[in-house]
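Architecture and fold: a report
Single-letter residue listing:
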Amino acid sequence: MLESIKKIAVLTSGGDASGMNATIRAVTRYARYKSLEVIGFYEGFKGLIKDNFTILTEENVGGIIDRGGTILYSARSQEFKTEEGMAKAIDNLKKHQIDGLIVIGGDGSLRGVHDLHARGVRAVGIPATIDNDIAGTDYSIGFDTALNVIISLLSKIRDTAFSHDRLFVIEVMGKNSGLIAINAGLACAADYILIPEIEVDLVKIANSIRNHRKGKRHTLIIVAEGAAKASDVAASIKLLVGHEVRVSVLGHIQRGGFPSALDRLLAAQFGKKSVDLLLKGESDCMTAIQGKKIVSVPIEFIINNRKDISKELFQLAHILS
Ligand code: F6P
């Protein structure tokens, strides 16, 4: 028989993503609506190990829906990867009589859910990473906001590229995945997109630039950070094409800020779903959106599958450029 759940905990882990706060709010408000007590651990698994926590209420999650970052702070914990660290985390969950844990974060954080579940903790995950590289869900919280930030920055760079007849190499985030680069490239009419999943041929790109620049005053090359360093790409292109090149590394500007409409809507629905999953006695799973449906996906699936980049979008961006 399903034992009843009275108290849950929530934490945010890994790189911050805009919409994490809206998710904390949704989890807390919906859990309180279901008469559950809620505590939040600070700094992800690090705070769980250190027992650094706060009580979350309907009131103290007010006014955060439109704030980027995370009021619970975030961290990447090496200690949590050790048996000793995990044992401390589990002890703290027991000490607070936590019946279920909700982890908001990227793939590393979701592996934490799996590891805790394997040691008897009821835990579910909510995908939140600007990289959007988690299998089983169309969107992760933070991706849409990051994309909108990049779009607004790239249209400014395009103005300058056009005015000065320049080539620009713009580096976006994505250590292991080109999803941000592809989507930003298509949305911003980039001429070339370099991603870690597809081998880069700079000589071919340089030849093509020489042709396509006839009658064109701007060239935008988007590089995912995992594919190459923008400065290296720029140096090679300058050498090969013989034209002025400028570099812009967008960096952490992409992560924070005012969450987009989509990220807020996901936050509300993922927050509710995660609490419902715990109430149903589910564990070792993640909330996800597939098409228009909010579903749950086993963490095992996420661990064993890599999210595909969309080759069609990648090709389309180059066809339209
Ligand atoms: O959140 C994921 C991500 O944005 C990656 O694309 C990037 O490589 C990484 O975080 C950088 O994070 P940090 O500088 O915080 O270690």
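Calculation criteria
Residues numbered from 1 in each chain as written. Predicted model: local features only at pLDDT ≥ 70, side-chain atom pairs only at ≥ 80, totals over all residues. Heavy atoms only, no water. Pairing = 2+ DSSP bridges. Helix = DSSP H or I, 4+ residues; strand = E, 2+ residues; numbered from the N terminus. Axes fitted to C-alpha atoms, helices over the stretch in contact; angles between N-to-C directions. Contact = heavy atoms within 4.5 Å. Domains from an automatic or database assignment. Buried area = accessible area lost by both parts, 1.4 Å probe. Buried < 20%, exposed > 50% of the residue type's maximum accessible area, 1.4 Å probe, protein only. Phe/Tyr/Trp six-rings, centres within 6.5 Å; stacked < 30°, edge-to-face > 60°. Lys NZ or Arg CZ within 6 Å of the ring centre and 35° of its normal. Near = heavy atom within 4 Å. Polar contact = N/O pair within 3.5 Å; in protein donor to acceptor, adjacent residues only side chain to side chain. Areas by Shrake-Rupley, 256 points an atom, 1.4 Å probe, with all protein chains shown as cover. 1 Å grid on protein atoms, 1.4 Å probe; cavity = no way out; pocket = protein on both sides within 12 Å on 5 of 7 lines; lining within 4 Å. Sits in = over half its atoms within 2 Å of the grid points. Points joined across faces, edges and corners; volume = space filled by probe spheres on them. Nonpolar A, V, L, I, M, F, W, Y, C, P; charged D, E, K, R; others polar. Core = buried A, V, L, I, M, F, W, Y, C linked by side-chain atoms within 4.5 Å.

**Some remarks on the sheet that holds strand E8 (residues 219-224)**
- Pairing within the open sheet is parallel, and its 4 strands lie in the order E7-E8-E6-E9. Single-partner strands in this sheet number two, and they are strand E7 (192-194) and strand E9 (245-249). The average undirected angle you get between the axes of adjacent strands in this sheet is 20°.
- Of the pairings in the sheet, the one linking strand E6 (residues 167-172) to E9 comprises 5 bridges and is parallel in character. Each bridged residue has a counterpart across the sheet, and for Val-169 the counterpart in E9 is Val-247.
- Strands E6, E7 and E8 of the sheet are contacted by helix H6 (residues 179-187), whose axis makes an angle of about 170° with E7.

**A few points about the domain arrangement of the protein**
- Each assigned domain of the protein is listed here: domain 1 (2-142 + 259-304) and domain 2 (144-256).
- Measuring from the centre of the C-alpha atoms in domain 1 to the corresponding centre in domain 2 gives 34 Å.
- The interface is formed by 14 residues belonging to domain 1 together with 12 residues belonging to domain 2.
- Taken over both partners, the interface formed by domain 1 and domain 2 buries close to 1000 Å², and the fraction arising from carbon and sulfur atoms is 53%.
- When the area that domain 1 buries against domain 2 is broken down by residue, the three leading residues are Asp-16, Ile-130 and Asp-131, summing to 44%.

**Considering unusual backbone geometry**
- Unlike most non-glycine residues, Ser-35 shows phi in positive territory, near 65°.
- Its place among the elements puts Ser-35 in the loop between helix H1 (20-33) and strand E2 (37-41).
- Here Ser-35 falls in the exposed class, since its relative accessible area comes to 61%.

**A look at the packing of aromatic side chains**
- One pass over the structure, following the stated rule, counts 5 aromatic pairs.
- With centroids separated by 5.0 Å and ring planes inclined at 25°, the aromatic side chains of Tyr-42 and Tyr-73 adopt a geometry described as stacked. A residue pair is termed long-range when its members are at least 10 positions apart, and Tyr-42 in the loop between E2 and helix H2 (44-50) and Tyr-73 in the loop between strand E3 (53-56) and helix H3 (83-95) qualify at 31 residues.
- With centroids separated by 6.2 Å and ring planes inclined at 40°, the aromatic side chains of Tyr-139 and Phe-143 adopt a geometry described as tilted.
- Among the residues examined, Tyr-139 registers a relative accessible area of 32% and is labelled partly exposed.
- Cation over ring: Arg-217 sits above Phe-162, and NZ or CZ is 5.7 Å from the ring centre.
- The lysine or arginine in question, Arg-264, covers the ring of Phe-258, its NZ or CZ lying 4.6 Å from the ring centre.

**Structural notes on the site of the ligand**
- Near the ligand the following residues occur: Gly-15, Arg-76, Ile-130, Asp-131, Met-173, Gly-174, Lys-175, Glu-225, His-252 and Arg-255.
- A distance of 2.9 Å separates an oxygen atom of the ligand from a polar side-chain atom of Arg-76.
- Between an oxygen atom of the ligand and a main-chain N or O atom of Gly-174, the distance comes to 3.1 Å.
- In the complex, 77% of the free accessible area of the ligand, which totals 390 Å², lies under the protein chains.
- Spatially, the ligand is embedded in the largest pocket.

**Observations concerning the layout of surface pockets**
- In this structure, the largest pocket spans a volume of roughly 770 Å³.
- Every residue lining the largest pocket is counted, 31 residues in all, and those nearest its centre are Gly-14, Gly-15, Arg-76, Asp-107 and Gly-108.
- In terms of residue count, the dominant contributor to the lining of the largest pocket is helix H4 (residues 107-118) (6 residues).
- In terms of residue class, the lining of the largest pocket is made up of 7 nonpolar, 13 polar and 11 charged.
- Composition of the lining of the largest pocket by domain shows at least three residues from each of domain 1 (2-142 + 259-304) and domain 2 (144-256).
- Counted as a void, the second largest pocket has a volume near 280 Å³.
- Contributing to the lining of the second largest pocket are 13 residues, with Glu-199, Asp-201, Lys-204, Ile-205 and Phe-314 lying nearest its centre.
- Contributing elements (two or more residues each) for the lining of the second largest pocket: E7, helix H7 (202-212) and helix H11 (311-320).
- Broken down by class, the residue content of the lining of the second largest pocket amounts to 8 nonpolar, 2 polar and 3 charged.

**A word on the nonpolar core**
- If you look at the biggest cluster of nonpolar residues, it comprises 60 residues, and the most contacted ones within it are Ile-8, Val-10, Ile-102, Ile-104, Ile-193 and Val-275.
- For this core, the element with the most residues is helix H5 (residues 143-164), which contributes 7 residues.
- Here this core gathers at least three residues from each of two domains, domain 1 (2-142 + 259-304) and domain 2 (144-256).
- Val-275 has contacts with Ile-8, Val-27, Tyr-30, Ala-31, Leu-36 and Ile-102, leaving out every residue within four places of it along the chain.
- Of all hydrophobic cores here, the second largest spans 27 residues; its members include Phe-80, Val-113, Ala-288 and Ile-299.

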